[in-house]
Amino acid sequence: MKIMFMRSVLCLLVLTVIAPIVLYTDTLGEYFTYASNKELAEEASSFKFGDLGPLNLLPQESSSKLKESHELVYLDNSTESNTDVQHSSSTGSARVNRQLTGEVGQEGISSASLNLSDGGKQPLDENVIRQVINEPSRIQTRIQQRSSKERDSSRDPDVIHRTGVNEEGVLLNSSGFSKKQRRQHSTQLSGTNSRENVKVVAAKLDNHVVIPDARVLQLKDQLIRARIYLSLAATRTNSHFIRELRLRIKEVQKVLGEATKDSDLPRSAADKLKAMEQTLLKGKQIVDDCGSVVKKLRAMLHSVEEQLRVQRKQALFLTHLTAKTIPKGLHCLPLRLSRDYFSLNLSQKQFPHMEKLEDPNLYHYALFSDNVLAAAVVVNSTIIHARDTSRHVFHIVTDRLNYAAMRMWFIANPPGKATIQVQNVEEFTWLNSSYSPVLKQLGSASMIDYYFRNRRADSDPNMKYRNPKYLSIMNHLRFYLPEIFPKLDKILFLDDDIVVQKDLSGLWFLDLKGKVIGVVETCGESFHRFDRYLNFSNPLISKTFNPRACGWAFGLNIFDLNAWRKQNITQIYHKWQNLNQDRQLWKLGTLPPGLITFWNQTYSLDKSWHVLGLGYNPNVPQKDIERAAVIHYNGNLKPWLEISIPKYKNYWSKYVDYDQVYLHECNISP
């Protein structure tokens, strides 16, 4: 019994005391550590990376092997190299120790190599990747890898694993945690393809922002600096330097010429640039006072700004002057037409279909113009897009000088089945100064003095209103439509600087809801509201109208003449014209009195009917132009002038027959 008890005690002692001691000896500890590490490495080699980046699960290395510099960029390729080496061993027990070691040069250049356990050192490649990091504290870890669907699929060699450095100089892995003894990345580069990929990545990292045409800008900058040195008192006393500097200025100006980009410069540009820079350095040594240079630069800047202001005023004046003048071809055209018109007999001077002129069931247009070619484009573009040209009637009113020419043009170029009527405004005997206040004002001494008194362009704040069109009654005929067409119910008013792009017959079927005029509102921008046209400091204006009311434009307007007569619109127009004799309510023009006369009498049309701005705005949206029924060249840049906006001119010129004999005789071409 005692023997059995002793055996039980010995067994317990072995299990509780001796076994733990044996199990935790160095020999067994190394065995289990080796086995676990080997198993861990095998598991890491078969791990598939997703979007979260690589895991640095590699055998632990001694600290003596991990001598790495800060601010390095490592190339992280496929982890398959671990698997490949392990499977290539015949015994299956070869152990791979991979380590990226490198020496950092002046620009942080690292070279990597692959170390095997048998002591041999096999160079990986010249995978040099440069990166200059100016502020290590701002470095962020970025991981760029692509996931693979199969374990044995190849990895992209262009993926770069960037390792950051914290404030203590400790390298951080992809997750941002310090790994002082586990900072190794699996790498695999093979053949020339890997070498080329590394070079591409290195080139991208070394790519710096390059200013385009930097040499041209530098040459211009040198000229500015050179002119400063020429004007400073300290350098003017040095005759040798001044001669040299003037010579360099001539050389640079000759090289620069009209060049706007580096490719326009000659080969000698680089030498001239260096020579000028050396001369400027001499000037810098002579003038060591930066304050005088700054003052001179400020004076030059102020002078340039003043010159720019003057040039802008002159350009504005010349633009208005060009808009007022008549091109030689357009002056020749009515002369040629008038000559041929007076050679016709009476029967040849008549237009057909005169019985349609007063038929209220047809589509009637009112066009008031003294420009033959412009009127021709309006009629041609309307007829081309009309569904039934026989139902369209054009009433053209012109002045005495262009009456014969206008008639001759449409006799020589009949508009198909459409009806044409040309009238002379001088024949409207009822339209005189005793009836029309505007006619009385246009003939007043103050108005004539305003238009014809000689004054400097830069002293006239209202130069744009000094246009001869405001002196012509032709511009005010739109306010007398019921008197001009007493037997018509509706009429469509068109300006002579428009182009029709769609059939307009639908406008006659619109219900204006009792309003007098159909308009396209233009209040999308702030300067198209009432306060931009009328003087709201005058109580007559401020008490009657809303300064933020939406403006609109003439150019395409459908008029209900019956509603006009019922509302007595012409008398309202006369009333406000009499109140504005001294031009205190609005300046000259027809839009301000139109806004007043038709106040609360407008019916808003869809914006696609009438698109404006082609005579002053180069940024009218292309889609708006293409879907518009009518495009309007309002502004000074008319399409028949050389100053027109080039990209809009074709919309107008395609309706001009430049093969017409009269245009050839007057040298009118696109």
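Residues numbered from 1 in each chain as written. Predicted model: local features only at pLDDT ≥ 70, side-chain atom pairs only at ≥ 80, totals over all residues. Heavy atoms only, no water.

It is worth spelling out the overall build of the chain at this point. Scanning the chain for helices and strands turns up 22 helices and 14 strands. The proportion of buried residues among the 670 residues of the chain is 44%. Counting only contacts in the chain whose residues sit at least 6 apart along the sequence, the fraction spanning at least 24 positions is 73%. (Helix = DSSP H or I, 4+ residues; strand = E, 2+ residues; numbered from the N terminus. Buried < 20%, exposed > 50% of the residue type's maximum accessible area, 1.4 Å probe, protein only. Contact = heavy atoms within 4.5 Å.)

Okay, the packing of aromatic side chains next. Taken as a whole, this structure holds 26 aromatic pairs when the rule is applied. Consider the rings of Phe 479 and Phe 598, whose centres lie 6.3 Å apart with planes at 15 degrees: the pair is stacked. With Phe 479 in the loop between helix H14 (445-452) and helix H15 (481-484) and Phe 598 in the loop between helix H19 (591-597) and strand S12 (602-604), this residue pair connects regions lying 119 residues apart in the sequence. Note on Phe 479: relative accessible area 0%, which makes it buried. Its end group placed over the ring of Tyr 363, Arg 391 keeps NZ or CZ at 5.1 Å from the ring centre. The ring of Phe 554 is capped by Arg 478, whose NZ or CZ atom sits 4.8 Å from the centre of that ring. (Phe/Tyr/Trp six-rings, centres within 6.5 Å; stacked < 30°, edge-to-face > 60°. Lys NZ or Arg CZ within 6 Å of the ring centre and 35° of its normal.)

Take a nonpolar patch on the surface next. Nonpolar side chains collect at one region of the surface, where Phe 5, Met 6, Val 9, Leu 10 and Leu 13 lie side by side and expose about 490 Å² of accessible area between them. Residue placement: Leu 13 occurs in helix H1 (residues 2-23). With relative accessibility at 42%, the residue Leu 13 sits in the partly exposed group. (Patch = residues over 30% accessible without salt bridge, like charges linked within 9 Å, V, L, I, M, F, W, Y side chains within 5 Å. Areas by Shrake-Rupley, 256 points an atom, 1.4 Å probe, with all protein chains shown as cover. Salt bridge = Lys/Arg side-chain N within 4 Å of Asp/Glu carboxyl O.)

Note on placement: Leu 223 falls in helix H5 (residues 214-231). Taking the C-alpha atoms as reference points, Leu 223 and Gln 253, 30 residues apart in sequence, are found 8.0 Å from one another. Apart from the residues within four sequence positions on either side, Leu 223 is in contact with Ile 249, Val 252, Gln 253 and Leu 256.

Within the structure shown, the criterion is met by 15 salt bridges. Of the charged contacts, one joins Lys 487 and Glu 358 as a salt bridge, the two residues approaching to 3.2 Å between their closest N and O atoms. A residue pair is termed long-range when its members are at least 10 positions apart, and Lys 487 in the loop between H15 and strand S8 (490-494) and Glu 358 in the loop between helix H10 (328-341) and strand S5 (363-368) qualify at 129 residues. Its relative accessible area of 48% is what places Glu 358 among the partly exposed residues.

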